[in-house]
Amino acid sequence: MELFATLVTSFPTVIYSFFVLLFLAYWLIAMLGFLDIDMFDADFDADADMDGADGIGGLAGVLIKLGLDGVPVTVSLSILFLICWLISYFMALTTGIVLPLDVTLIRYAVGLVIMVAAFLLAIPITGVLIKPLKTFFKKTNTNSERSLLGASGVVRTSRVSMSFGEAIVNAGGADLILRIRADEALGLTRHDAIVLIEYIDAENAYRVVTEKEFHGHGY
């Protein structure tokens, strides 16, 4: 246990330990409904549209070139850094046993090689792991367009505004977590019943109203 604690808090594994803890905290907060699960996807889409024929820039370009697109950015990066952490840990464990790393310069030189090698090895492994997820998210995105207009659901986030919010909507027996948008004046909070009335293509989100308002105004 002492060796484990030493390795995960030492260079280079500590770098990946930080990202693993960061994404773990993100997922815990997202599960509580205070963050969108795919909150970075809007930036991803913006990056993908940036350079047109001249190429794709930003985070989108990097993930597409690495073959890690097709799923929410947070999912691909979470898996990537978890794999990096595992590889880095076991490589550091093995190297620490084989090499006397008492000399600081040697320790950091080997650590740098491990960090880079872990990242390069993690890319194809992550690509393999997310491949089946791409089909799932593609199917979800196909269902998550205008065909769902009029469907009812329940708010899962602590609030809903014109830039934030998610709801759980049942579509064909499967529960989907969708981005939703609404005027803050509606005061929508967790567990409120809503109805999808408009698909916002630019945000991959839905404008919603309360179930009561939907039936009262005859949308």
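For the structure given in this document, a descriptive report is provided here. Note that the structure is a prediction, hence the values are computed from the model and not measured. (Residues numbered from 1 in each chain as written. Predicted model: local features only at pLDDT ≥ 70, side-chain atom pairs only at ≥ 80, totals over all residues. Heavy atoms only, no water.)

## A few points about the sheet that holds strand β3 (residues 174-181)
Here 5 strands make up a closed barrel; going around it, the order is β1-β2-β3-β5-β4 and the pairing mixed. Pairs of neighbouring strands in the sheet enclose a mean axial angle of 55°, with direction left out of account. (Pairing = 2+ DSSP bridges. Helix = DSSP H or I, 4+ residues; strand = E, 2+ residues; numbered from the N terminus. Axes fitted to C-alpha atoms, helices over the stretch in contact; angles between N-to-C directions.)

## Digging into the pairing of strand β1 (residues 152-155)
Bridge count between β1 and strand β4 (residues 193-200): 3 bridges; the pairing is antiparallel. Looking at β4, one finds that Gly153 is bridged to Ile194. Direction of pairing for β1 relative to strand β2 (residues 166-171): antiparallel, over a ladder of 3 bridges. Paired with Val154 across the two strands is Ile168, which belongs to β2.

## Some details on the packing of aromatic side chains
This model, assessed by the stated rule, comprises 11 aromatic pairs. On the numbers, 6.0 Å between centres and 25° between planes, the contact of Phe23 with Phe81 is stacked. Separated by 58 residues along the polypeptide, Phe23 in helix α2 (residues 13-31) and Phe81 in helix α5 (residues 73-98) bring together distant segments of the chain. With a relative accessible area of 13%, Phe23 lands in the buried category. (Phe/Tyr/Trp six-rings, centres within 6.5 Å; stacked < 30°, edge-to-face > 60°. Buried < 20%, exposed > 50% of the residue type's maximum accessible area, 1.4 Å probe, protein only.)

## Here we look at a nonpolar patch on the surface
A surface patch of nonpolar side chains, amounting to about 450 Å² of accessible area, comprises Leu21, Leu24, Leu28 and Met31. Mapped onto the fold, Leu28 is located in helix α2. (Patch = residues over 30% accessible without salt bridge, like charges linked within 9 Å, V, L, I, M, F, W, Y side chains within 5 Å. Areas by Shrake-Rupley, 256 points an atom, 1.4 Å probe, with all protein chains shown as cover. Salt bridge = Lys/Arg side-chain N within 4 Å of Asp/Glu carboxyl O.)

## Some points on the environment of Leu66
Tracing the backbone through its elements, the reader meets Leu66 in helix α4 (residues 58-66). Residue Leu66 is classed as partly exposed on the basis of its relative accessible area of 28%. Remark: the alpha-carbon pair of Leu66 and Pro124, spanning 58 residues in sequence, is separated by 8.1 Å.

By themselves, these are just geometric observations and shouldn't be taken as functional.
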